[in-house]
Amino acid sequence: MDISRVVCHDWTADPYARGTWCYYPPGWVSKYLESFEKPHGNILLASAGWSDGWRGWIDGAVEQGMQAAVWAISELDYEKNRGSTTGRQGLASDSL
């Protein structure tokens, strides 16, 4: 394997994370979560910070990435077959 670049971040020294995972203040999830989970045009945000399981852990990030990929494939397939009777599959979380 020929590795040309590695990128990392020191979360312990990060002034915002301060070396810990995400904690939401009371009321945050009920107020903002829906906005983060729905597409904004052709952009779907993915983060372990609001995953369905293992929130704040790499497993949640992988889950969100998989859901975003399925959503993107569904959108591309919809555009490719626009006008057909197959219709939209919906968001990735509905498809998994």
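For clarity, every value in this text was computed on a predicted model and none was experimentally measured.

A.B. asks: Before we go on, may I ask you to explain the overall build of the protein chain in this structure?
C.D. replies: Along the backbone of the protein chain there are 3 helices and 0 strands. In the protein chain, the order of α-helices and β-strands from amino to carboxyl end is α-α-α. Counting the 96 residues in the protein chain, one finds 19% classified as buried. Put simply, 30% of the contacts in the protein chain that link residues at least 6 apart link residues at least 24 apart.

A.B. asks: Would you mind showing me how to read the confidence of the model for the protein chain here?
C.D. replies: Detailed conclusions should not be drawn from predicted coordinates in areas where pLDDT is low. Put simply, the protein chain has an average pLDDT of 79, and 84% of its residues get 70 or more. In the model of the protein chain, helix H3 (residues 92-95) stands out as the element of lowest mean pLDDT, 46, in contrast to helix H2 (residues 58-80), which has the highest, 88. pLDDT under 50 marks residues 85-96. Its contacts with residues more than four places away, or in other chains, come to 20 contacts.

A.B. asks: I would appreciate a short explanation of H2 in the present structure.
C.D. replies: Helical geometry: 3.6 residues make up each α-helical turn, so side chains three or four residues apart lie on a common side. With 23 residues, H2 extends 33 Å from end C-alpha to end C-alpha; this agrees with the ideal 33 Å at 1.5 Å per step. Buried within H2 we find Gly60, Glu63, Gln64, Gln67, Ala68, Trp71, Ser74 and Glu75.

A.B. asks: When you look at the packing of aromatic side chains in this model, what are you seeing that I'm missing?
C.D. replies: Two aromatic rings are characterised by how far apart their centres lie and by the angle between their planes. Tallying each qualifying case throughout the model produces 2 aromatic pairs. When the centroid spacing of 5.7 Å and the interplanar angle of 50° are considered together, the rings of Trp28 and Tyr32 count as tilted. Separated by 4 residues within a single helix, Trp28 and Tyr32 lie in helix H1 (residues 28-37), roughly one turn from each other. Trp28 gets classed as buried once you look at its relative accessible area, which sits at 16%. By relative accessible area, which is 36% here, Tyr32 ends up partly exposed.

Analysis parameters
Residues numbered from 1 in each chain as written. Predicted model: local features only at pLDDT ≥ 70, side-chain atom pairs only at ≥ 80, totals over all residues. Heavy atoms only, no water. Helix = DSSP H or I, 4+ residues; strand = E, 2+ residues; numbered from the N terminus. Buried < 20%, exposed > 50% of the residue type's maximum accessible area, 1.4 Å probe, protein only. Contact = heavy atoms within 4.5 Å. pLDDT = per-residue confidence, 0-100. Expected span 1.5 Å × (residues − 1). Phe/Tyr/Trp six-rings, centres within 6.5 Å; stacked < 30°, edge-to-face > 60°.

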